[in-house]
Amino acid sequence: MKSALERFNEGTERHLTGVNHQRYLAGIYCVIGSFLCLIFCINALIDSKFYLAAVLFVVSIFLFISYLIFHSKTHFYLHDTVRHITLLGLFFLGGYLIYTGGVNNSGPLWVFIIPPVALAFCGLKIGMLYNVTFLIVICIFLFYPDDVLLAADYTYEFKTRFIYSFLTTLALSSFYEAARYKSFSQLNKLTEKYKLESKLDDLTGLLNRRGMWKKLNSEYDLVTSSGSTMTVALWDIDHFKNVNDIHGHGVGDDVLKHVSDLANKIIRSQDSVSRWGGEEFLLLMPETNEAEAIDQVKYVCSLMAKRPFILDKNTSITVTFSVGICEVSLDIDTERAIMLSDKCLYHAKRTGRNKVVAFSELNED
Ligand SMILES: Nc1nc2c(ncn2[C@@H]2O[C@H](COP(=O)(O)OP(=O)(O)OP(=O)(O)O)[C@@H](O)[C@H]2O)c(=O)[nH]1
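How each quantity is defined
- Residues numbered from 1 in each chain as written.
- Predicted model: local features only at pLDDT ≥ 70, side-chain atom pairs only at ≥ 80, totals over all residues.
- UniProt positions renumbered as here; feature names shortened; annotations may be inferred.
- Helix = DSSP H or I, 4+ residues; strand = E, 2+ residues; numbered from the N terminus.
- Near = placed C-beta within 6 Å.
- Nonpolar A, V, L, I, M, F, W, Y, C, P; charged D, E, K, R; others polar.
- Axes fitted to C-alpha atoms, helices over the stretch in contact; angles between N-to-C directions.
- Parallel < 35°, antiparallel > 145°, perpendicular 65-115°, else oblique.
- Contact = placed C-beta atoms within 7 Å.
- Buried ≥ 20, exposed ≤ 12 C-beta atoms within 10 Å, placed from the backbone.

1. Considering the UniProt feature "transmembrane region" (unreviewed entry) in the chain
Per the UniProt record, "transmembrane region" (unreviewed entry) is found at residues 24-45, 51-70, 82-101, 107-127, 134-156 and 162-179. For residues 51-70, the end-to-end C-alpha separation is 28 Å, with 100% helix and 0% strand making up the annotated structure. Taken end to end, residues 107-127 comprises 67% helix and 0% strand; its first and last C-alpha atoms sit 22 Å apart.

Written out as structure tokens, the structure is:
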């Protein structure tokens, strides 16, 4: 049996994910990086370091294009690729600065921004993988015998301290990213939990009106876009006041819970049931026309009748239902269909209760 939550989750909500968050951060880093690279490009030009200026200019433009793509809703399919290419560009720039030394050998200082950026772009695991690979590559560059892989001149002390500092930055950034990710996930879970709970009925755990309206609207979109059918049924327990009057309100609540659990078990997997009001329920049957809905509702009613609520050894409470049914169509939207189901339900009550009345039958009367 699917819970009301699971039924609700099916196709109604897109959640904020860690990946979205990474894209958001990547966008911010890209615009900052682009601006900084442009400033250093101008500096390099003033110092007549044309190669460096050209590299910085290309990286600046590239970062800006990446930023635009991260913010574009139409190019979202490129986000992942751009995230990785941007990071590789940053590694290339870092490697280039170590190789050449940048301005007066200050280039390696910029490499310290790489660990937090890689972790923010790709998360802990992939970010670490990138960082460790980068670390191995720069170690090879820095410590290859006779400095044949370097254009700049660094002392041995500088190289070792540079690697220690890089490792420290990497460790601290990783701890920070792990803590940030944990808090972010917890916050996300809580937000989802509260969002879903606001759509559920406290007593029965079924969808409440708000939750059902979301479902109804998304199903109605299918009716209008693909011409599929759907039918709604409004159920009301007969003489429920008697249950409360005879056994007390607490038992009344238990009966409502019993009926809700049963309904949730019995209905088909594509259907959704909600508590629409006090002792009133709304059943949504997608891809079902009125005739099929009548059969389905009668089947559910017959099963319900066989499963009374057992109060104690000597007392069981059997409830019956009056049901109004109406098919939703391009002519009858959801709101009107519910109103017409209510009319049918009223007719069922007036004409003896414990019966199913469909809108087409009502018209024939
Ligand atoms: N225990 C309990 N009773 C509820 C709840 N919500 C509504 N009710 C009761 O449901 C009863 C509805 O009574 P009526 O509207 O007169 O309807 P009925 O007795 O079911 O009679 P018909 O609908 O005409 O067959 C009232 O006694 C309400 O107090 C609830 O959450 N718990």
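From this point, things continue past the structure.
2. Topic: the site of the ligand
Every one of the 16 residues lining the ligand counts as a neighbour, but D238, F240, K241, G252 and G278 are closest to it. Counting residues per element, the ones that place at least two in the shell around the ligand are β1 (230-237), α8 (240-247) and α9 (249-266). For the shell around the ligand, the element with the most residues is α9, which contributes 4 residues. Residues of the shell around the ligand, tallied by class, amount to 4 nonpolar, 5 polar and 7 charged.

3. So, the packing of α8 against α9
Contact geometry of α8 with α9 gives a least axis separation of 6 Å together with a crossing angle of 135°. One element, α8, and the other, α9, form an angle in the oblique class. Across the interface between the two elements, F240, V243, N244 and H247 of α8 pack against H249, V251, G252 and V255 of α9. Residue classes in the contact of α8 with α9 are distributed as 4 nonpolar, 4 polar and no charged.

4. Here's the deal with unusual backbone geometry
Positive phi outside glycine occurs at N105, with the angle close to 60°. Within the fold, N105 resides in the loop between α4 (79-100) and α5 (114-143). Residue classification places N105 among the partly exposed positions, given that 16 C-beta atoms sit within 10 Å. The phi angle at D147 is positive, at roughly 55°, despite the residue not being glycine. For D147, a count of 14 C-beta atoms within 10 Å puts it in the partly exposed group.

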